[in-house]
Structure formats: structure tokens, C-alpha cells
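# Architecture and fold: a report
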Amino acid sequence: QRILQEGDTVIAQGSGDLAQLAPLCKAHPGQIHTYDVDLTDGQALDLFLKDVQANFPTPTHLVHLPALRMINTKFKKFDEERFELDLSVQVRSAIRICKTFLPAMAKAKRGRVLFMLTSYQIGVPPKNATAYVMVKSMLGGFARSLAIEYAQYGITVNCVAPGVIDTDMMASFTAEDKAALAEETPVGRLGTAEEVAKLLLYLAGEDAGYITGQVFGVNGGLVI
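Nothing here was measured: the structure is a model prediction, and the numbers come from that model.

### Details of the side chain of Thr 118
Note that Thr 118 resides in the loop between strand 4 (111-116) and helix 4 (130-150). Overall, Thr 118 belongs to the buried group, its relative accessible area being 5%. Ignoring sequence-local partners within four residues, the contact set of Thr 118 consists of Tyr 132, Lys 136, Ala 161 and Pro 162.

### Let's talk about the sheet that holds strand 5 (residues 155-162)
Consider a sheet: its strands pair through backbone hydrogen bonds, and that pairing is either parallel or antiparallel. Taking strand neighbours across the sheet as the criterion, the four strands line up as 3-4-5-6 in an open arrangement whose pairing is parallel. Each end of this open sheet is capped by a strand with a single partner; those strands are strand 3 (61-64) and strand 6 (215-218). Direction aside, the axes of adjacent strands within the sheet are offset by 15° on average. Of the strand pairs in this sheet, strand 4 and strand 5 are connected by six bridges, and their pairing is parallel. Directly across from Leu 114, in strand 5, lies its bridge partner Asn 158. Relative to the sheet, helix 3 (residues 80-108) contacts strand 3, strand 4 and strand 5, its axis offset from that of strand 3 by approximately 175°. Each of strand 4, strand 5 and strand 6 touches helix 6 (residues 193-203); the most contacted strand, strand 5, lies at about 170° to it.

### Description of the packing of helix 3 against helix 4
Put simply, helix 3 and helix 4 touch, their axes get as near as 9 Å, and they point 10° apart. Our classification of the angle between helix 3 and helix 4 gives roughly parallel. Contacts between helix 3 and helix 4 involve Phe 83, Asp 86, Leu 87, Gln 90, Val 91, Ala 94, Ile 95, Cys 98, Leu 102 and Ala 106 on the former and, on the latter, Ala 131, Met 134, Val 135, Lys 136, Met 138, Leu 139, Phe 142, Leu 146 and Tyr 150.

Rules used throughout
- Residues numbered from 1 in each chain as written.
- Predicted model: local features only at pLDDT ≥ 70, side-chain atom pairs only at ≥ 80, totals over all residues.
- Heavy atoms only, no water.
- Helix = DSSP H or I, 4+ residues; strand = E, 2+ residues; numbered from the N terminus.
- Buried < 20%, exposed > 50% of the residue type's maximum accessible area, 1.4 Å probe, protein only.
- Contact = heavy atoms within 4.5 Å.
- Pairing = 2+ DSSP bridges.
- Axes fitted to C-alpha atoms, helices over the stretch in contact; angles between N-to-C directions.
- Parallel < 35°, antiparallel > 145°, perpendicular 65-115°, else oblique.

Put into C-alpha cells, the structure is as follows:
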């Protein structure tokens, strides 16, 4: 919504949840182009990338947000099959998307790339989150490497690492769980998607041209 206020064209990729964009599509006819893609399906990702490349060959911004929900489980019950799915959703898709579009962005000498990490990468990670932390760590390493390689082309690459944000990702949490997490957070509440979006928007803007290779925590002081 905040990007559309600037009048830009947006390519939105989701998987089974694009109906949530219907009001925005209606309010901004022709500005939003939606794709429903299962990122665990390599062939589906190929078709998506080919179609976008044919119609929008040189994007100015890439904002990569997808992830499977974290499952709290001990390592002895590590689910390798699900881990592979999350690798596809987060890391492999990021590699393929960047490999497709970054060369054109580099030729144009401009661009912003943003990744969604987690506050679990800052400080001590929690117990029973091995798979989630591993995948996010790989994504973070990828982002840092891209930042170094593409800085000379006017492209910045940064990451936002949210803490406990009150979104659908917390659908399984009870009101008591949320209250306990809010009490643990120094600012005394959970974060909002709007607060994360504002930071992403700033990092995507022209004023952030001297910022690259960084990880920004949005966690209310829960992790310092």
C-alpha cells in the first residue's frame, strides 16, 4: 500500500493468499500484477520468472519475504523433508530471483534488494528452532555476499530482522502467549507489520543509498 502511494508498478507473488490484495488491486487498477506461485515447485518458479522477465525485464527493487512458519521442535526430531521445503521457499527462490534480475539491475546501475530475516540471528538463538535459524542464516550470508559484489553497480542489499510481530505467523499463539511475550519485550508490546513495512520502505528509498550489507532488528529491545 505504501509503495503504491508513489505510483509505481508492483509485482506481487504469493501462494494461496493473494485474495488479501483484492481491495488494493481495485483501488489501484493496473498497478498490481499478481502471481500465485508454489516456491517449492522449481518448474512453477521457472514459469513465474520467465513471465515477469518478459513483461518487466528490469525491476528496480526486489523485496523477498516468504518463509514457512517456524516449528518449535527438538533437534532429535529434525524434519529433513520440511527443512528442504523451507530451503526452496526461502533460499533457493532468492537465488533464482536474484540470478534472473540482478544482471539487468547492475546494467542499469541502480537497485534495492531486501530480505526478511529474524531477530533469532541477533544474539543467542532460542532452543528448538534449529531449522528456522539455519535457513535464515543461509539467507543472511547470501545477502551479505550480494551486497559486496553489487555495491559497485549502485545496488544495495539489506536485511530486516523482526522480533515478535503480531501477524498471521502467530496464529497458533494464545492470548496468554502473546501477553507473556509482550511482557518480556522492553517496550511492553508486540510489534506491528506497519512498523516493519516502514523500515523496508526507507531501505528501498533513495535516501538509503549509503546503506548496504546490514541487518536491522525490529524487536522492541527484546534482542540487543
